[in-house]
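The chain contents come next:
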Amino acid sequence: MDNPHVFGKWIHKKFDRILANPPFSENYTRANMQFEERFKYGFTPENGKKADLMFLQHMIASLKDDGVMATVMPHGVLFRGGQEKVIREGIVRDDLIEAIIGLPPKLFYNTGIPACIIVINKNKPEHLKNKILFINADREYGEGRNQNFLRPEDIEKIVTVFDEKKEIPKYSRLVDIKEIEENDFNLNIRRYVDNSPDPEIEDVHAHLFGGVPKKEVLLYEKLLRKFNLSYDILLAEKSENYLEFKKDITDRNQIRELIDNCTEVKVTIEKHKEKLLEWWQLVRTEIEQFYSKINLWKFRNEALEKLKDSLLPIGTFDEFKTAGIFANWWEELVYDFKSIVSAGWNRNLVERERIKEKYFKEDVEEIEELESTLAELEADLSELLEEVEDWDEEQQGDKTASKVKEFLKDLVKDLRIKNSEASRREAKKWEDLLENIAQKEKEIKKVRSEISRKQKEIENKIDEKIESITEEEAKELLLEKFFELISNQLEKYLNAEKKELIKIFEKLWDKYHVSLEHLLKEREQEVSRLNKFLEELGYYERV
């Protein structure tokens, strides 16, 4: 930034597009700064780690008059005061910002600082003049162990909302610059798109006297309609304003079972499967003609729209979740598709596992039977080892077959030295156990050897099949794989929706199933039992 090459010899060089992820919260020095005309909106403090808006201004200066850029920035640049506010005001007044997108936490390595994407457009279309699109996507992401990530459906939603400038409650909104000016040019995303969850309803009457508030249940009607359900599958009328769980529902775990086995839920799932199959029959024909005859991006967009047309009328998924099903499928297969477009139905695209399942099912079943036998034999061996009870793991280590055999040999040797009738009987007992352990080990070794032989045999068969597989066979195997993967994605999303439905009723159970009135009655009953017990023991008699 101090001495940029694009402003030296190539001072007039500008760019059509800029994508950047500059370092967050850096200091800078103005002493050796060249080409200060880049920073027309002002300079941030040199200390305090506030160089972010300097990077932004440098990139704006590097754009052509019709250029577009997107850069990752920390949230602080959106609302901090002082000189940063002056710079922000200048950029907003010049109507350069097309969109500000709030990202989920912990997306980037080595920093937990919340980040956003600022999109600069020097040539905004007329309908976006003096407006900024705010997208608050910070609650929609996948959780990782050390780092979160944007799932394909999250990316699809952000891109769709940005491209179409959609306004979605608690997610996105087009904001007039006048409103931003009224907020003193504070661009804090939650000021314009607050995606905080609604406050939890707590009905005091229901907590005191029991029942589930109807008004709370009705809030979930939209979710229930996704599976054509009514609340009366689990709840019955208690009074004008309250419901209660049906009498035959006595345990929280029954909720999942009832919803899983509900006819309406099963019918809804089957409808999705039928519609997916209809969609597949349409796109399969196009996929079969991929080789040298397809615009892959055009196919992607058309196939996605067809999937939306198939699934959206059912009402379970919105357009973004439907896009998520497709995006996950596409993400997994796009390189296969590219390969088919360029080189045809290559047998090398077919995984060995799929060939094994398709052509060598009997061999696989034989190996599974042997593995089942092996598991039984190993369980038998474990039982034999458990017969040795006098075992100290701290001194002797884990109780393995080899260690137990050595232990038993020493034990038998000591018993034989004593040469009494009792010691001979005891020695015979442990000798029999030693023999049984050795026999069981032989059986295990034999089965393991047979499994290894069978596995090598099946691998050789797969190698031979790969060499002889025809293009038509490769195509069929790959088409099976493609449909299987989209079916798995649909099932995953349906299970997630069903899980949300189950959570609703489980939450209502946890909140309202046991009332204060019920607890007081139980307490009175227990106190009465205790008093009766104490009276029988004579503790209530006056001395």
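Model, not experiment: these values are computed from the prediction. (Residues numbered from 1 in each chain as written. Predicted model: local features only at pLDDT ≥ 70, side-chain atom pairs only at ≥ 80, totals over all residues. Heavy atoms only, no water.)

A.B. asks: Before we move on, can you summarise the overall build of the protein with the specific residues and values?
C.D. replies: Tallying secondary structure elements over the protein gives 19 helices and nine strands in all. Taking 24 Å as the expected radius of gyration for a compact globule of 543 residues, we find that the protein reaches 35 Å, considerably beyond that expectation. The principal-axis extent of the C-alpha atoms belonging to the protein is close to 105 × 90 × 60 Å. Going through the 543 residues of the protein one by one, you find that 41% of them count as buried. Accessible surface computed for the protein: about 31,900 Å², of which carbon and sulfur atoms make up 48%. Taken together, the 92 basic and 114 acidic charged side chains of the protein have centroids lying 4 Å from each other. (Helix = DSSP H or I, 4+ residues; strand = E, 2+ residues; numbered from the N terminus. Rg over C-alpha atoms; globule rule 2.2 N^0.38 Å. Buried < 20%, exposed > 50% of the residue type's maximum accessible area, 1.4 Å probe, protein only. Areas by Shrake-Rupley, 256 points an atom, 1.4 Å probe, with all protein chains shown as cover. Lys, Arg positive; Asp, Glu negative; His and termini not counted. Charge placed at Lys NZ, Arg CZ, Asp CG, Glu CD.)

A.B. asks: For the sheet that holds strand β1 (residues 15-20), give the residues involved together with the corresponding values.
C.D. replies: Sheet architecture is open: six strands sit in the order β1-β2-β4-β3-β5-β6, paired in mixed fashion. For this open sheet the edge positions go to β1 and β6 (172-176), each flanked by a neighbour on one side alone. Between one strand axis and the next, the sheet turns through 10° on average, direction left out of account. As paired elements, strand β3 (residues 97-102) and strand β4 (residues 115-121) share five bridges and run antiparallel to each other. The residue of β4 that forms the bridge with I100 is I118. Contacts between helix α1 (residues 52-61) and the sheet are confined to β1, β2 (63-74) and β4, with β2 contributing the most and set at about 160° to the helix. Along the sheet face, helix α3 (residues 152-164) touches β3, β4, β5 (131-136) and β6 and points at about 165° away from the line of β5. (Pairing = 2+ DSSP bridges. Axes fitted to C-alpha atoms, helices over the stretch in contact; angles between N-to-C directions. Contact = heavy atoms within 4.5 Å.)

A.B. asks: If you had to explain the packing of aromatic side chains to someone new, which residues and values would you point to?
C.D. replies: Applying the stated criterion across every chain, the model contains 19 aromatic pairs. Seen in terms of ring centroids, F39 and F43 are 5.4 Å apart; in terms of plane orientation they differ by 55°. Their pairing is tilted. Of the two residues, F39 and F43, both sit in the buried class. Measuring from ring centre to ring centre gives 6.0 Å for F326 and W330, while their planes differ by 15°; the resulting arrangement is stacked. Here W330 and F326 lie together in helix α12 (residues 319-343), a separation of four residues that amounts to about one turn. Each member of the pair, F326 as well as W330, carries the same accessibility label: buried. In textbook terms, an aromatic cluster arises when at least three aromatic residues are bridged by ring pairs, as seen for W279, W280, F290, F299, F326, W329, W330, F337, F482 and F483. Its guanidinium or amino end placed over the ring of Y171, K157 lies 4.1 Å from that ring's centre, counting from NZ or CZ. Across from the ring centre of F162, 3.9 Å away, lies the NZ or CZ of K165, which sits over that ring. (Phe/Tyr/Trp six-rings, centres within 6.5 Å; stacked < 30°, edge-to-face > 60°. Lys NZ or Arg CZ within 6 Å of the ring centre and 35° of its normal.)

A.B. asks: Tell me about the pairing of strand β9 (residues 242-245), and please be specific about residues and values.
C.D. replies: As paired elements, strand β7 (residues 212-213) and β9 share two bridges and run antiparallel to each other. Bridge pairing in β9 links V212 to L243. In this structure, strand β8 (residues 235-237) lies alongside β9, joined through three bridges in antiparallel fashion. What sits directly across from A236, in β9, is E244. Counted along the chain from β8 to the antiparallel partner β9, the turn is four residues long.

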